Amino acid sequence: MSLKTAMAHDGAVADVSAEPLTDAERIWQVVARIPPGRVCSYGQVAELAGLPRRARLVGRILSRLPQGSRLPWHRVVNARGELSLPQGSAGELRQRSLLETEGVCFLRGRISLALYRWDAEG
């Protein structure tokens with residue numbers, strides 16, 4: 001099934017190409033494309049989603065993901081290369097662990113964006 005069709009519960013196929021994506025869907029699509037071992041800033045995700053200067057919206061959308069979501073939310077960090085979750089919180093520890101498992105290194109609590117920032121166009 002392509003992005004232009006959706007299957008209803010009764011098995012019927014509907015053309016949904018005329019329906020614009022919501023801001024959340026645009027953000028999810030960008031975050032889903034960030035490869036393992038790379039990160040994006042909230043502002044970069046917003047820009048790539050066509051939502052310039054909406055970094056806080058990206059944070060809000062990602063904070064509302066359902067438990068168990070497979071979206072790689074952990075690959076989104078702040079513009080300084082830091083994790084934005086409260087230091088020492090379970091979420092911050094989990095994000096750091098997931099990134100380190102993918103080979104992302106931290107130096108004094110920061111990720112080098114020069115080394116690990118995802119270049120969506122390259």
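That block above? That's the structure.
Fair warning: this is a prediction, and the values are worked out from it, not measured in the lab.

I'm lost on helix α1 (residues 23-33) in this one. Help?
Residues that lie three or four places apart on an α-helix share one face, since the helix turns once every 3.6 residues. Within the span of α1, buried status applies to Ala24, Ile27, Val30 and Val31. For α1, the arc enclosing every buried residue in end-on projection is 130°, short of the 170-degree limit, so these residues lie on one face. Buried residues along α1 sit against α2 (42-48), α3 (55-63) and β4 (76-77).

Hey, could you run me through the nonpolar core in this one?
The nonpolar side chains of soluble globular proteins are, as a tendency, buried together. If you look at the biggest cluster of nonpolar residues, it comprises 20 residues, and the most contacted ones within it are Ile27, Val31, Ile34, Val45, Val58, Leu62 and Val76. Listing elements by their share of this core, those giving two or more residues are α1, α2 and α3. Other than its neighbours up to four places away in sequence, Val45 contacts Ile27, Val30, Val31, Ile34, Cys40, Val58 and Val76. Grouped together as the second largest cluster of nonpolar side chains are nine residues, Val77, Leu83, Val104 and Phe106 included.

Before we go on, may I ask you to explain the packing of α1 against α3 in this structure?
The angle between the axes and the distance between the axes are what describe a pair of packed helices. Where α1 meets α3, the axes come as close as 10 Å, and the angle between the chain directions of the two elements is 85°. Considered as vectors, α1 and α3 are oriented roughly perpendicular to each other. In this structure, α1 contributes Asp23, Ala24, Ile27, Trp28 and Val31 to the contact, and α3 contributes Leu57, Val58, Ile61 and Leu62. Looking at the contact of α1 with α3 residue by residue, the classes come out as eight nonpolar, no polar and one charged.

Even after reading the chapter, I still don't get the packing of aromatic side chains, so can you show me in this structure?
The geometry of two aromatic rings is summed up by the distance between their centres and the angle between their planes. Inspection of the entire model under this criterion finds zero aromatic pairs. The ring centre of Phe106 lies 4.1 Å from the NZ or CZ of Arg96, which sits over that ring.

So what exactly am I meant to see when it comes to unusual backbone geometry here?
Backbone phi values are negative for most residues with the exception of glycine, while trans is the configuration of most peptide bonds. Unusually for a residue other than glycine, Arg53 sits at a positive phi of about 60°. Position of Arg53 relative to the elements: it lies in the loop between α2 and α3. By relative accessible area, Arg53 is classed as exposed at 79%. If you check the backbone angles, Arg108 has positive phi at about 55° while not being a glycine. By secondary structure assignment, the location of Arg108 is in the loop between β5 (106-107) and β6 (110-111).

The rules we used
Residues numbered from 1 in each chain as written. Predicted model: local features only at pLDDT ≥ 70, side-chain atom pairs only at ≥ 80, totals over all residues. Heavy atoms only, no water. Buried < 20%, exposed > 50% of the residue type's maximum accessible area, 1.4 Å probe, protein only. Helix = DSSP H or I, 4+ residues; strand = E, 2+ residues; numbered from the N terminus. Arc of directions from axis to C-beta. Contact = heavy atoms within 4.5 Å. Core = buried A, V, L, I, M, F, W, Y, C linked by side-chain atoms within 4.5 Å. Axes fitted to C-alpha atoms, helices over the stretch in contact; angles between N-to-C directions. Parallel < 35°, antiparallel > 145°, perpendicular 65-115°, else oblique. Nonpolar A, V, L, I, M, F, W, Y, C, P; charged D, E, K, R; others polar. Phe/Tyr/Trp six-rings, centres within 6.5 Å; stacked < 30°, edge-to-face > 60°. Lys NZ or Arg CZ within 6 Å of the ring centre and 35° of its normal.

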